[in-house]
Amino acid sequence: MCGIVGYVGRQAALEVVTAGLRRLEYRGYDSAGVAVLADGVLATAKKAGKLVNLEKELGERPLPAATTGLGHTRWATHGAPNDVNAHPHLDDAGRVAVVHNGIIENFARLRAELEERGHRLTSETDTEVVSHLLAEEYSACGGLAEAMRLVCRRLEGAFTLVAVAAEEPGVVVGARRNSPLVVGVGQGEGFLASDVSAFIEYTRDAIELGQDQVVELRRDGAGGPDATGGTGGADGTGGAVAVTVTGFDGLPAEVREFHIDWDASAAEKGGYDYFMLKEIAEQPKAVADTLLGRIDGSGHLSLDELRIPPEELREVDKVVIVACGTAHHAGLIAKYAVEHWTRVPCEVDLASEFRYRDPILGPRALVIAISQSGETMDTLMALRHAREQGSKVVAICNTNGATIPRESDAVLYTHAGPEVAVASTKAFLTQLVACYLVALYLGQVRGTRSGEEIREQVRELSGIGDAVERVLETMEPVRELARSLSSRNTVLFLGRHVGHPVALEGALKLKELAYMHAEGFAAGELKHGPIALIEEGVPVVVVVPSPRDRAVLHDKIVSNIQEIRARGARTIVIAEEGDEAVVPYADHLVRIPATPPLLQPLVATVPLQVFACELATARGNEVDQPRNLAKSVTVE
Ligand code: M6R
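Residues numbered from 1 in each chain as written. Predicted model: local features only at pLDDT ≥ 70, side-chain atom pairs only at ≥ 80, totals over all residues. Heavy atoms only, no water.

Asker: Help me out: how do you make sense of the overall build of the chain in this one?
Answerer: Across its full length, the chain holds 19 helices and 25 strands. Here the C-alpha atoms of the chain give a radius of gyration of 26 Å, agreeing with the 26 Å that 2.2 N^0.38 yields for 636 residues. C-alpha extents for the chain along the principal axes are approximately 75 × 55 × 45 Å. Out of the 636 residues belonging to the chain, those deemed buried represent 62%. A total of about 22800 Å² of accessible surface is found on the chain, and carbon and sulfur atoms cover 49% of it. Taking the average location of the 63 positive side-chain charges in the chain and that of its 88 negative ones, the two points are 3 Å from each other. (Helix = DSSP H or I, 4+ residues; strand = E, 2+ residues; numbered from the N terminus. Rg over C-alpha atoms; globule rule 2.2 N^0.38 Å. Buried < 20%, exposed > 50% of the residue type's maximum accessible area, 1.4 Å probe, protein only. Areas by Shrake-Rupley, 256 points an atom, 1.4 Å probe, with all protein chains shown as cover. Lys, Arg positive; Asp, Glu negative; His and termini not counted. Charge placed at Lys NZ, Arg CZ, Asp CG, Glu CD.)

Asker: Help me understand the site of the ligand in this model?
Answerer: Taken together, 14 residues surround the ligand, and among them Ser371, Gln372, Ser373, Thr376 and Glu512 come closest. Here a nitrogen atom of the ligand and a backbone polar atom of Val422 are 2.9 Å apart. One of the side-chain nitrogen or oxygen atoms of Glu512 is found 2.3 Å away from an oxygen atom of the ligand. Protein burial of the ligand: of its 410 Å² of free accessible surface, 90% is covered by the chains. Those elements that place two or more of their residues in the shell around the ligand are α9 (325-342) and α17 (499-514). For the shell around the ligand, the class distribution of residues is five nonpolar, seven polar and two charged. Counting contributing residues, the shell around the ligand receives three or more from each of domain 2 (270-462) and domain 3 (472-618). (Near = heavy atom within 4 Å. Polar contact = N/O pair within 3.5 Å; in protein donor to acceptor, adjacent residues only side chain to side chain. Nonpolar A, V, L, I, M, F, W, Y, C, P; charged D, E, K, R; others polar. Domains from an automatic or database assignment.)

Asker: Any chance you could explain the sheet that holds strand β3 (residues 41-48) here in plain terms?
Answerer: What links the strands of a sheet is backbone hydrogen bonding, and the strands pair in either a parallel or an antiparallel sense. Strands sit in the order β3-β2-β4-β1-β10-β9-β11-β15 across an open sheet of eight strands; the sheet is antiparallel. Edge strands, defined here as strands with exactly one partner in the open sheet, are β3 and β15 (256-259). Averaged over neighbouring strand pairs, the angle between their axes works out to 15 degrees when direction is ignored. Of the strands in this sheet, β1 (3-8), β2 (31-38), β4 (68-74) and β10 (189-193) touch helix α1 (residues 13-24), which is tilted by about 155 degrees from β1. (Pairing = 2+ DSSP bridges. Axes fitted to C-alpha atoms, helices over the stretch in contact; angles between N-to-C directions. Contact = heavy atoms within 4.5 Å.)

Asker: Explain the pattern of salt bridges to me, please; I cannot follow it from the model alone.
Answerer: If the charged atoms of two oppositely charged side chains come close together, the side chains can form a pair. Under the counting rule described, the total for this entry stands at 47 salt bridges. The residue Lys335 makes a salt bridge to Glu339 at a minimum N-O spacing of 3.3 Å. Of the two residues, Lys335 and Glu339 both sit in helix α9, four residues apart, roughly one turn of that helix. Overall, Lys335 belongs to the partly exposed group, its relative accessible area being 29%. Of the charged contacts, one joins Glu580 and Arg591 as a salt bridge, the two residues approaching to 3.6 Å between their closest N and O atoms. (Salt bridge = Lys/Arg side-chain N within 4 Å of Asp/Glu carboxyl O.)

Asker: Can you help me understand the packing of helix α4 (residues 128-141) against helix α5 (residues 144-152) in this one?
Answerer: Helix packing for two helices is described by the angle between their axes and how far apart those axes are. Direction vectors running N to C along α4 and α5 enclose 125 degrees, while the axes themselves pass 8 Å from each other. Classified by the angle their axes make, α4 and α5 are oblique. In the packing of α4 onto α5, the handedness of the crossing is right-handed. Where α4 abuts α5, its residues Val130, Leu133, Leu134, Glu137, Tyr138 and Cys141 lie against Leu144, Glu146, Ala147, Met148, Leu150 and Val151. Tallied by class, residues from the contact of α4 with α5 come to 10 nonpolar, no polar and two charged. (Parallel < 35°, antiparallel > 145°, perpendicular 65-115°, else oblique. Left-handed = near helix turned anticlockwise from the far one by under 90°.)

Asker: How should I be thinking about unusual backbone geometry in this particular structure?
Answerer: Leaving glycine out, the prevailing phi sign among residues is negative, and the prevailing peptide bond configuration is trans. A cis amide bond links His87 to the next residue, Pro88, at an omega of 0 degrees. The topology assignment puts Pro88 in the loop between β4 and β5 (89-90). Of note in this structure, Asp212 is not a glycine but carries a positive phi near 55 degrees. A positive phi angle, near 60 degrees, is found at Arg343, a position not held by glycine. Structurally, Arg343 can be placed in the loop between α9 and β17 (346-350).

Asker: Help me understand the sheet that holds strand β22 (residues 517-522) in this model?
Answerer: The strand order across the open sheet formed by five strands is β22-β21-β23-β24-β25, and the pairing between neighbours is parallel. Two strands lie at the open edges of the sheet, namely β22 and β25 (588-592), each paired on one side alone. In this sheet, neighbouring strand axes are inclined to one another by 20 degrees on average, regardless of whether the strands run parallel or antiparallel. Sitting on the sheet, α17 is in contact with β21 (490-495), β22 and β23 (539-543), with an inclination near 175 degrees to β22.

Asker: Please clarify how the pairing of β4 should be interpreted in this entry.
Answerer: Looking down a regular strand, the side chains alternate between one sheet face and the other. Across the seven residues that make up β4, a large majority, seven, are buried. Burial of the side chains of β4 extends over both faces: Thr68, Leu70, His72 and Arg74 are buried on one face and Gly69, Gly71 and Thr73 on the other. Relative to β4, β1 is paired through six bridges, and the arrangement is antiparallel. Considered in β4, the bridge of Val5 is made with Gly71.

Structure representation (structure tokens):
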């Protein structure tokens, strides 16, 4: 939800900031804006719509050259996505410019107070109160960082803020509460951003900020108050940039420095038309990377990252999975694996509903929070609730140092690399792999599965990357089929057992990318109502379980296919190689490699991703940035 960049250094700030916004545009793309600080004056440009509109505006009306600046790409919460509500927001005198990600919950009261004191606010946003409050505090204390600390103490809600002040050239200040902000430390330059991809082109050295912290980046010789207690900085041709981090209370804060282990090319499209296509293609590697280092030479699992002693894991009496969207579907699949391999009951909750149902938790419940971004507010709140109830939380996350892993007792990172397309693909497959690893590990520690059984599953998992590769090589007919359906209004998805969450995931992908009515059902549920949706020609995708060791389920789903076909459905059947029983009932047959039943989602989901991506393209939709969405959902 909203991408933020701040820069101070030796390069043209506008170029650095807009390049960063391009990389962060996946976070929100309702409007974009920038501010630069040149000769003691703040100059801004903002435009509704995608970044390209802002770039056009900047081409027509260039901003002055500057080496300090900030920018924002928005996912609207308060106020329509128009030019006025676009960030940055300035106070009435134009002394301070602010960009914001999150929601300031007490903004209405703060706004009323400001208006009473004679401030004139022009936008409908919650953010604008911050620029006015900062300007007031700045007048009183004379320093932007101190003004930020004072203002943050008065704000309620979740926020990342980045600000510059006309009277402090060479200084950028940021603050965070429940919303992401990282610092990039370059040679004579410093960056603030919602995520590292914004500055990966310039530096791979970063600092992770903690909760309720304020950071000041100050270029050597910049005017204003002294930067004492600097925690970092780098020399370069343009002098050093000192990085000072404190709590909202002004006390020096501990920070964690880290090195980013992927490079700029990983965040580029690499010759593909869309990030989503690239990310689908990267799945075999992502799956293999997520297994790396977690299996020893004898096929034994070693998940040192779990950091929960085996004796505690043996005491676990319930596993609870919390997640949203695609990650929730990964959780639904994980439930089958956890219960089958460990015989421990497993519940799966939508994170946004979790704490409101007053779940029964405690020290023996193991909670698994799954999140690609590690910043999803609903999941973060669910995990906090679980920890308050005394449960241990393990995060499965793709983003190093994000809030969710930081607040969990342990984390198992998926190694999918940066996922930029809003629609989740490789993150989903790697979340599944991580869930399988946790479930097998629990089975290993608790002794519910024999060493040989675990080794066998691990062997199968290790071969999945190749199986996904084989699926990807046979996708042309799926793309052709998708194009032929581009004028349809509805597509239904059916599955049984682990195929049911796969059907839900297929429907979600189609909704978010093709803007079509798409629904996933448990095939057995159809006769309890949804079968009324079937009419002549409705495309129905059916995920068929293996006939080898799921004979009963397989027979039942073959009957379900016949039931819908008899009512006019056009059947698109996803079945494993060698399954001949489905052939007579499939209007379109998509073959997937045979896998053990629990692992089938790793291959069965891939055609559905390709199908949705191609349908979106055929309908002329934006594949990487579907309407109304954002990659990282940092509001509840
Ligand atoms: O970053 P997270 O995994 O926590 O995100 C959860 C969902 O918002 C996300 O999976 C969403 O459903 C995807 N856009 C679906 O493709």
